[in-house]
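# A closer look at the structure
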Amino acid sequence: MVQSLDRSQGRSGALSASGTTAPTFTGNRALQLEEKLIFEMGQPGRCGVDLPEPPKVADRLNGLRRRGAIGLPGLAEPQVVQHYTRLSQKNYAIDMGLYPLGSCTMKHNPRLNEKIARLPGFADVHPLQPQSTVQGAFELIDELARWLKTLTGMPAVAMSPAAGAHGEMCGMMAIAAALHARGESQRKTVLVPESAHGTNPATAAALGFVVKPIPATDDGHVDVAALKAALGPDVAAIMLTNPNTCGLFERDIRDVADAVHAVGAYFYCDGANYNAIVGRVRPGDLGVDCMHINLHKTFSTPHGGGGPGSGPVVLSDRLAAYAPRPWIVRDAQGWRAAEEGASVDGQPLGRLKAFHGQMGMFTRALAYMMSHGSDGLKQVAEDAVLSANYVMARLSVEMTPAFGGPCMHEALFDDSFLKDTGVSTLDFAKAMIDEGFHPMTMYFPLVVHGALLIEPTETQPKESLDQFCDALLHLARKAKTGTAVEEFRAAPTMAPRRRLDETLAARKPVLRWKPSNNPPTDAPTRQAAE
Amino acid sequence: MRYLPLTDADRSEMLSVIGVRSVDELFRDVPEAARLKGKIDGLADHMGELEVDRALSAMAAKNRAAGAGPFFVGAGAYKHHVPSSVDHLIQRGEFLTSYTPYQPEITQGTLQYLFEFQTQIALLTGMDVANASMYDASTGAAEAVLMANRVTRRAKAILSGGLHPQYRAVIETTARWQGFTAVGAAPDATGIEDLAAQVDKDTSCVVVQNPSVFGHVRDLSPLAKACHDAGALLIVVVTEIVSLGLLTPPGEMGADIVVAEGQSLGVGLNFGGPYVGLFATRDKFVRQMPGRLVGETVDADGQRGFVLTLSTREQHIRREKATSNICTNSGLCALAFTIHLTLLGEAGFTRLAALNHTTAVKTADALAQVKGVSVLNSAFFNEFTVRLPKPAAPVVERLAAKGVLGGVPVSRLIPDDPAVADLLLVAATETVTDADIAAFARALQEVL
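Being a predicted model, the structure only gives us computed values, none of them experimental.

## Topic: the layout of surface pockets
Its boundaries defined by the atoms lining it, the largest pocket holds a volume of some 1200 Å³. For the largest pocket, the lining is made up of 48 residues, of which Thr441 and Met442 of chain A together with Tyr102, His316 and Ile317 of chain B are closest to its centre. A breakdown of the residues in the lining of the largest pocket according to their chemical character gives 22 nonpolar, 16 polar and ten charged. Its volume calculated, the second largest pocket comes out at about 620 Å³. For the second largest pocket, the lining is made up of 29 residues, of which Asp87, Gly266, Val267, Gly268 and Asn270 of chain B are closest to its centre. Listed by contribution, the elements that provide at least two residues to the lining of the second largest pocket are helix 3 (120-123) and helix 9 (359-395) of chain A together with helix 3 (84-90) and helix 10 (331-368) of chain B. Broken down by element, the residue count for the lining of the second largest pocket peaks at four residues, all from helix 3 of chain B. Among the residues making up the lining of the second largest pocket, the classes are represented as 17 nonpolar, seven polar and five charged.

Below is the structure:
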């Protein structure tokens, strides 16, 4: 199909044949409004704020005043509000329904937490104002730390990492620091199961470790025999996700921990899937030396379109001395942050981030924890696991679970139910979009062919789980008829956009708007669909 | 429990569909010894909204908010007025409760604002291209050094004495554990440092902050030339993004990588985080960049759309060969930033910058009138350094007791260095009134 596109007008939908309805004059489709870029909307006479005229004083800029315009567009406040409101309506969100992105834990984000984070006593305090004026902020961090330590059964926690991957960096640095202190920096091997998140090998490699992949068994667990065979005096650590990325609990975890410790190595646990066991199992009872906790997963701080996150790291006695600065201490004068030491060489680990960590995430996470309490968090894990197993049981009628037996918080399927249908995992996922669902995680973990990883979480009512299962069963049956291949390959047809050309995006990167990106308005060009 | 929709009837029906008698059977892979029989001890049971709100509001009330009185604290985080519509818009559930736009067909909202954000950052910094954000500028600075090491295949970074000491600590920590050399210069309180002579053929980059942590504004062109002559990159750190409404952007002075903190626009103080790291570079280095990138493309109907792109740099594709281990960025803070900047536009942003500068000039002039106090800066934006006749840390405490938060004592950032013990960093933004300045000068006179 050949389509003309007038990019500068931003209303190319008028010429599009997408969807089932006739094209409209505006390109809009009822509530779905086409929206230009801000750079295509600005007018020099417009501004969305009113600021006073600065007083006339001689500047002290040493002749370094900016020459020439920046190029920012001018919009009035109503235009700005409309622009972002229209953009928001092109997004799927947890607030709209089931968001079964496996491994990402897209659960309900309570609005109480947003309110708490915005209290002026938390949101409008500076990280470097006198410590006597922020006693409540330190108290909150310490209280959150107490919850994290108690829940995990671990003696220490480093609060400053900004996200899960940053927490991994913190934990693996602590391991490197501990090995250095032991005079065993020659340990350079880190064992990482093939099913691990990509951040695990990336983190280990960044720290100069040599990553040695450990295979999975046919039942989706880490191959314990292969792991033990790989252990030796060169091994610094193992990085193991538990529950693992196949949604299974590593039942031999104690055995693994003992074997790892026996050769003098450390056990890093990736806590991305802690949601499945929170309140019910303490990682400290499993022999873990350190584990990051994604507050944006288990403790429901909002994912925000890709962050910010927060990744505190709980540490065992063996690693507690190697936490990064700052840490919170309490003495006769009250709370205080131990922020600075001498040089890095004088410190066990150093500093991973300016200031004290992701305070705005701490407030939300603590509000979430207190709302659930010890009893409710246990119920969180149970309902998350129950919901995943329910989805697995219902979908197994038409779809093919990757492994037998119960799962933890996520249900993993392979693509063998699509074999010979001409429909791929990708096509199947895209068809879900037209049915009103966000797709599951696809093609991960890598150890399963055409993986479909579904994490319903504990915050969906049974009615919504049932509707989701009914829709997927319908799609699976439709795929198997063999008569709907083109329909699947064309999906989605009702979303704000149809499938996007990612190859074009990578081959000829256009990473910013420039006036020259756009052809003159009177000369529509033919586009890549040619 | 209000966040858990399953009823007991639902649970028993679901168990029977699964074919097990109890939820315990689903946890059968957990070792017997690690299975907790009841709930975890030492933590309270669930609470209603009212109780949680009451408990946490009490904690918040123990803190002195920046807006509660005269406020001059900066050093990498700045108090600015954020228009009301910013926070309203970022709380729309479609933004707040969405995730990384892995499915572009149903995340065009996030992708388009990130594309606009990338463009704004490139314009502000005077660079070719920017990514979709980093955790913050301190971690971004460390990533910039790693990037420079990849580009130059060298492993020595030179850190300016005007770089924020906590940023320096982050880079030094990264250097120590990721295996490169970071050479730090002595604190440059007077803004006269010249690093050009130190740049040699082993140098991968020089990291310099402008305005510096002491507030000095300098022309970096000569340093850029020295770097480029030696085959090294110039990394410019900007902790106050509003300064680029008034100052020559780093890109025009020859920067190869610009790392900036975006906290000043839209985000707020938040006791240090979350913030938003801005990261920009030259086109030729784009494939060595860390972090997510959004690019323009077309859909199957030829309509313009946006996708995450060049992801072959990233950990989820490249694993141990990735340019960085970063997964999450700071999406919602980037949204707050871009909305605030869109509201400001060219006219508002440049006026905001001018207001900050004139307010700081008035503040500096008022403090210079206080006996025994001298301002060290000849050029600055909205923050400057004063020398007091006695150690600054106790002075700041005494000012706080008088209701004035009068800045950051340098000794908080650089302890145990007598050369900086009497120095105080003072920031003044558009939120500071003439009455605030008068109150500060009066209180300072009283406590000295």
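Resuming the write-up.
## A short note on the packing of helix 1 (residues 77-88) of chain A against helix 5 (residues 108-125) of chain B
It is at 7 Å that the axes of helix 1 of chain A and helix 5 of chain B come closest, and there the two elements cross at 135 degrees. Of the possible angle classes, the one that applies to helix 1 of chain A and helix 5 of chain B is oblique. Contacts between helix 1 of chain A and helix 5 of chain B involve His83, Tyr84 and Leu87 of chain A from the former and Gly109, Gln112, Tyr113 and Glu116 of chain B from the latter. Of the residues belonging to the contact of helix 1 of chain A with helix 5 of chain B, the class tally is three nonpolar, three polar and one charged.

## Digging into the pairing of strand 7 (residues 277-281) of chain B
Residues and elements named next belong to chain B. Most of strand 7 sits out of view: five of its five residues are buried. Burial along strand 7 is two-sided: the face carrying Gly277, Phe279 and Thr281 and the face carrying Leu278 and Ala280 are both buried. Note: strand 1 (residues 129-130) against strand 7, two bridges, orientation antiparallel. Residue pairing across strands places valine 129 opposite threonine 281, the latter belonging to strand 7.

## Quick word on the side chain of asparagine 270 of chain B
On the secondary structure map, asparagine 270 of chain B appears in the loop between strand 6 (257-261) and strand 7. When near neighbours in sequence (up to four residues on either side) are disregarded, asparagine 270 of chain B contacts Phe122, Ala123, Val125, Met359 and Gly360 of chain A together with Tyr275 of chain B.

## Quick look at helix 2 (residues 49-60) of chain B
Between its terminal C-alpha atoms helix 2 of chain B stretches 16 Å, which fits the 16 Å expected from twelve residues at 1.5 Å a residue. Buried residues along helix 2 of chain B sit against helix 2 (111-117), helix 3, helix 4 (135-152) and helix 9 of chain A.

## Some thoughts on the sheet that holds strand 2 (residues 156-159) of chain B
All names here are of chain B. With respect to topology, seven strands assemble into an open sheet ordered 1-7-6-5-4-2-3, the strand pairing being mixed. The open sheet terminates on both sides in strands that have one partner only, identified here as strand 1 and strand 3 (181-184). Two strands pair when backbone bridges link them, and strand 5 (residues 233-238) and strand 6 are joined in this way by four bridges, in the parallel orientation. Its bridge partner lying in strand 6, isoleucine 235 is registered against isoleucine 257.

## So, helix 11 (residues 462-481) of chain A
Helix length check: helix 11 of chain A (20 residues) gives 29 Å between terminal C-alpha atoms against 28 Å at 1.5 Å per residue, within 8%. Those residues of helix 11 of chain A lying buried are Lys462, Ser464, Leu465, Asp466, Phe468, Cys469, Ala471, Leu472, Leu473, Leu475, Ala476 and Ala479 of chain A. As for helix 11 of chain A, its buried residues are in contact with helix 9, helix 10 (425-434), strand 14 (452-454) and helix 12 (485-490) of chain A together with helix 1 (8-18) of chain B.

## Structural notes on the domain arrangement of chain A
Residues and elements named next belong to chain A. What the domain assignment lists for chain A is domain 1 (1-45 + 74-90 + 502-530), domain 2 (135-369) and domain 3 (379-501). Taken together, the contact pairs ten residues of domain 1 with seven residues of domain 3. Across the domain 1/domain 3 interface, buried area totals approximately 730 Å², and carbon plus sulfur atoms make up 45% of it. Applying the counting criterion to the domain 1 and domain 3 interface returns one salt bridge. The shortest N-O distance in the salt bridge between arginine 497 and glutamate 34 comes to 2.8 Å. Our count for the domain 1 to domain 3 interface comes out at five residue pairs in polar contact (both at pLDDT 80 or more). Classifying every residue of the side of domain 1 that touches domain 3 by side-chain character gives two nonpolar, four polar and four charged.

What counts, and at which threshold
Each chain has its residues counted from 1, running along the sequence as written. Key to labels: chains lettered from A, ligands numbered from 1, both in the order written. The model is predicted, so local features are restricted to residues of pLDDT at least 70 and side-chain atom pairs to those at 80 or more, both for listing and for counting; the totals for chains, interfaces and linings are taken over all residues. Based on all heavy atoms of the structure, the side-chain values leave hydrogens and waters out of the count. The definitions used throughout rest on a 1 Å grid laid over the protein atoms alone, on which a cavity is an enclosed set of points accommodating a 1.4 Å probe that cannot get out and a pocket is an open set flanked by protein within 12 Å on both sides along at least five of seven lines; lining residues are those having an atom within 4 Å of a point. Grid points are joined across faces, edges and corners, and a volume is the space filled by probe spheres set on the points. Here the term charged refers only to Asp, Glu, Lys and Arg, the term nonpolar to Ala, Val, Leu, Ile, Met, Phe, Trp, Tyr, Cys and Pro, and the term polar to all other amino acids, Gly among them. Working definition: helices are DSSP H or I runs of at least four residues, strands are E runs of at least two. Numbering for both runs from the N terminus. Only the stretch in contact is used when a helix axis is fitted, and all axes are lines through C-alpha atoms; the angle between N-to-C directions ranges over 0 to 180 degrees. These descriptions rest on fixed angle ranges, namely under 35 degrees for roughly parallel, over 145 for roughly antiparallel, 65 to 115 for roughly perpendicular, and the rest for oblique. Throughout, a residue-residue contact means that at least one pair of heavy atoms, one from each residue, lies within 4.5 Å. Whether a residue is buried, partly exposed or exposed follows from its accessible area with a 1.4 Å probe, protein chains only, as a fraction of its type maximum: under 20%, in between, or over 50%, in that order. DSSP-based pairing: two strands are paired if at least 2 bridges between them are found. A helix's residues, less one, multiplied by 1.5 Å, set its expected span. All domain edges in this entry derive from an automatic or database-based domain assignment. Buried area is a sum: the accessible area each of two parts loses on coming together, probed at 1.4 Å, counted once for each and added. Here, a salt bridge means any Lys or Arg side-chain nitrogen found within 4 Å of an Asp or Glu carboxyl oxygen. Two N or O atoms form a polar contact when they lie within 3.5 Å of each other; inside protein one atom must be a possible hydrogen donor and the other a possible acceptor, and for residues adjacent in sequence the pair counts only when both atoms belong to side chains.

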